[in-house]
Amino acid sequence: MSVARPDEVRRFNRASLLRILHVSGPATRAALATELGLNRSTIKMLVDGLAGDGVVEERVPRIPQGAGRPSLLVLPQAQAVVVLAVDIQVEHASIALVGLGGQILGRNSWNLRGRGRDPDEVVTHVAESAALLAQDLDLHPIAAGISVPGVIRRTDGLVHTASNLGWTEVPLGERMGKVLGVPVVIGNDAELGALAEFVRGLGRGASDAVFVSAEIGVGGGLIAEGEPMRGSVGYLGEIGHMTVHPGGRECHCGNVGCWETEVGEAALRRALGLAEFGPRGAIVAELRELQRDSDPVARLGDYVDWLILGLVNVVNILGPELVVLGDMFAILPDAVVRAAQAEVRRRSMVSRAHGGVRIEKSSLGADVKLLGAAEAAFEDVLTTV
Ligand SMILES: [Zn+2]
């Protein structure tokens, strides 16, 4: 049996304490002691160490907590531990500096059109924008998390393929690490969306959940038994490429009749009667209008049927208690989501067995991938702070 050395135990406890503050916000010393199962003197030593390093501050709570000396409130200092989050989408890229506790401290974004979508251009632009933002805010990120809509090898951040970006075999992790000079983790966009929902959104406390991303492409990120699921080397969750319509439309991936071809952005444009290409704002405006319609399910016609068909398959295979609809799906009319939930509950054997899956729209809005990318970066650095 190996015996952990005292400094290892201390580092583990310090990281666990920081993790609680990062995820749940300020807590009293007493609450931290209870949650971590440590005695008060150990908590005091850990908090004193973190306060000495400027990572937390302590205050007397404003609201007295019963008789006796109040337990000091420990507050994480957002600017003391900062990571760079990057969200690369097909049409645009965003970066943000995110502080301990998950607060976005500053951000920037730009369009990705034509040559701007080239991997070299993206790497250069991310590095330059990040340097400017860090300089403006006088912050120094210690790690970076990057979301890409593609199939990513988690170990080294190789983008095996990101078909909607036109990328194949791009060693993004290696290149970004070189230009940013900090540890970099690259993740699939849906996987990072799931992580954000799990840490900060509707998936908090969920044991088994699926996050469905829906930009131009459609993907899935999974939480299984309370842990983000990563697949063998990081490849999983390509639910947008389930074949749902043999003989249907050709997909970017080379197959025919993928779910993405029936429910992705192009399909939604068709269902809304919009031109095949155009600003995403037009979709948002149409969906807002549709929210007020007396029967949005009928207005969207086949689109809703395809949406339900894919969701039934996802629920039957994975058996989640919760499906979070992200991106464009998060602005579908409420009536469509309710209809999808009712139909999936009726048609999925798994859902019927455990009392009915919940299907809900993401509450994190357009920042979901940025927040997920930040969490991926924080996962590794909290043990080193
Ligand atoms: Zn496909």
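Residues numbered from 1 in each chain as written. Predicted model: local features only at pLDDT ≥ 70, side-chain atom pairs only at ≥ 80, totals over all residues. Heavy atoms only, no water.

Visitor: It is not clear to me how the overall build of the chain should be interpreted in this structure. Could you clarify?
Guide: Scanning the chain from N- to C-terminus turns up 14 helices and 16 strands. Here the C-alpha atoms of the chain give a radius of gyration of 22 Å, agreeing with the 21 Å that 2.2 N^0.38 yields for 385 residues. When each of the 385 residues of the chain is scored for burial, the buried share is 50%. With an accessible surface of roughly 17700 Å², the chain has 52% of that area assigned to carbon and sulfur atoms. If you average the places of the 37 positive and of the 46 negative side-chain charges in the chain, the two averages end up 5 Å apart. (Helix = DSSP H or I, 4+ residues; strand = E, 2+ residues; numbered from the N terminus. Rg over C-alpha atoms; globule rule 2.2 N^0.38 Å. Buried < 20%, exposed > 50% of the residue type's maximum accessible area, 1.4 Å probe, protein only. Areas by Shrake-Rupley, 256 points an atom, 1.4 Å probe, with all protein chains shown as cover. Lys, Arg positive; Asp, Glu negative; His and termini not counted. Charge placed at Lys NZ, Arg CZ, Asp CG, Glu CD.)

Visitor: Help me understand the environment of Leu 172, please; the structure alone is not making it clear to me.
Guide: Positionally, Leu 172 belongs in helix 5 (residues 172–180). Between the C-alpha atoms of Leu 172 and Ile 186, which are 14 residues apart in sequence, the distance is 7.7 Å.

Visitor: Teacher, can you tell me more about the sheet that holds strand 2 (residues 56–59) here?
Guide: Two orientations exist for strands paired in a sheet by backbone hydrogen bonds: parallel and antiparallel. Read from one edge to the other, the open sheet built from 3 strands follows the order 1-3-2, with strand pairing classed as antiparallel. If you trace the sheet from one side to the other, it starts and ends with strand 1 (27–28) and strand 2, each paired once. Direction of pairing for strand 2 relative to strand 3 (residues 73–76): antiparallel, over a ladder of 4 bridges. By the bridge assignment for strand 3, Glu 58 is matched with Val 74. (Pairing = 2+ DSSP bridges.)

Visitor: Help me understand the coordination of the zinc ion in this model?
Guide: Perfect tetrahedral coordination of a metal by four donors corresponds to 109.5 degrees between them, and perfect octahedral coordination by six donors corresponds to 90 or 180 degrees. Donor atoms from the polypeptide that coordinate the zinc ion comprise His 241 (ND1), Cys 251 (SG), Cys 253 (SG) and Cys 258 (SG), at 1.9 to 2.3 Å from the metal. Here the zinc ion is ringed by 4 donor atoms whose angles at the metal span 106 to 118 degrees, and the overall shape comes out tetrahedral. For the zinc ion, all donor residues lie on one chain, and their spacing in sequence is H-x9-C-x1-C-x4-C. One end of the pair, His 241, is in the loop between strand 14 (227–228) and helix 7 (259–263); the other, Cys 253, is in the loop between strand 14 and helix 7, with 12 residues separating them in the sequence. The class for Cys 253 is partly exposed, based on a relative accessible area of 33%. (Donors = N, O, S within 2.8 Å, 3.2 Å for Na, K, Ca; no water. Tetrahedral: all angles 85-135°; square planar, octahedral: opposite > 155°, others 65-115°.)

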